[in-house]
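# Coordinate inspection notes
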Amino acid sequence: MITKCDHIGIQVEDLDRSIAFYAGALGFELRERFIKSEPYLQELVGCPGAELDIAIMGIPSTEVELEILEYRRVARRAVDPNTANPGTGHFCLFVTDLDEIVERAHEFGGGSVSPVQTSTAGPVAGSRLVYLTDPDGIRVELVERH
């Protein structure tokens, strides 16, 4: 039985850049930052020898946190985060100031998959939506309800 959603985790190229993006563009709050490299953790994540630089950021108006990880001392390569590719993901946030957030996201090195769209069907019909991309291409869906 699931009792709570605690956090969403993402892996990034540059932790400082990602902290700046999520704080500056989306208003997330940096709650903790630390480095971990204990053997149990290396085993848990399947990366022997890894050092993880980790930031915990509060997502506004929720109890859920975003855990941003930069893996160090191990081989890494960027993946193709195209929306349709198996293994990629996104998370969704409801907002009240969509155009302003999109503009700020671009200022902090993000982008968007398309211009803002208006939903014509489904549970958010009439709402405005966009898929932002963070500096690593991770998708963040924003919905401004009608």
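One can find the structure itself at the top, above this paragraph.
First things first, this report covers the structure right here in the doc. Source: prediction; values computed, not measured. (Residues numbered from 1 in each chain as written. Predicted model: local features only at pLDDT ≥ 70, side-chain atom pairs only at ≥ 80, totals over all residues. Heavy atoms only, no water.)

## Considering the packing of aromatic side chains
Enumeration over the complete set of coordinates arrives at two aromatic pairs. A network of ring pairs unites the aromatic residues Phe21, Tyr22 and Phe28 as a single cluster. (Phe/Tyr/Trp six-rings, centres within 6.5 Å; stacked < 30°, edge-to-face > 60°.)

## Concerning the side chain of Glu70
Within the secondary structure layout, Glu70 lies in strand β4 (residues 65–72). A distance of 2.8 Å separates a polar atom in the side chain of Glu70 from the backbone nitrogen of Leu15. Residues in contact with Glu70, not counting those within four places in the same chain, are Val12, Glu13, Asp14, Leu15, Glu51, Leu52, Asp53 and Arg76. (Helix = DSSP H or I, 4+ residues; strand = E, 2+ residues; numbered from the N terminus. Polar contact = N/O pair within 3.5 Å; in protein donor to acceptor, adjacent residues only side chain to side chain. Contact = heavy atoms within 4.5 Å.)

## Focus on the sheet that holds strand β2 (residues 29–36)
Strands in a sheet are paired, the pairing made by backbone hydrogen bonds, and the direction either parallel or antiparallel. Taken in spatial order, the four strands line up as β1-β4-β3-β2 in an open sheet, and their pairing is mixed. Unpaired on one side and paired on the other, β1 (7–11) and β2 mark the two borders of the sheet. Pairs of neighbouring strands in the sheet enclose a mean axial angle of 20 degrees, with direction left out of account. Direction of pairing for β2 relative to strand β3 (residues 51–58): antiparallel, over a ladder of seven bridges. Within the sheet, the bridge partner assigned to Leu30 lies in β3 and is Met57. Contacting β1, β2, β3 and β4, helix α1 (residues 15–26) crosses the sheet at an angle of about 5 degrees to β3. (Pairing = 2+ DSSP bridges. Axes fitted to C-alpha atoms, helices over the stretch in contact; angles between N-to-C directions.)

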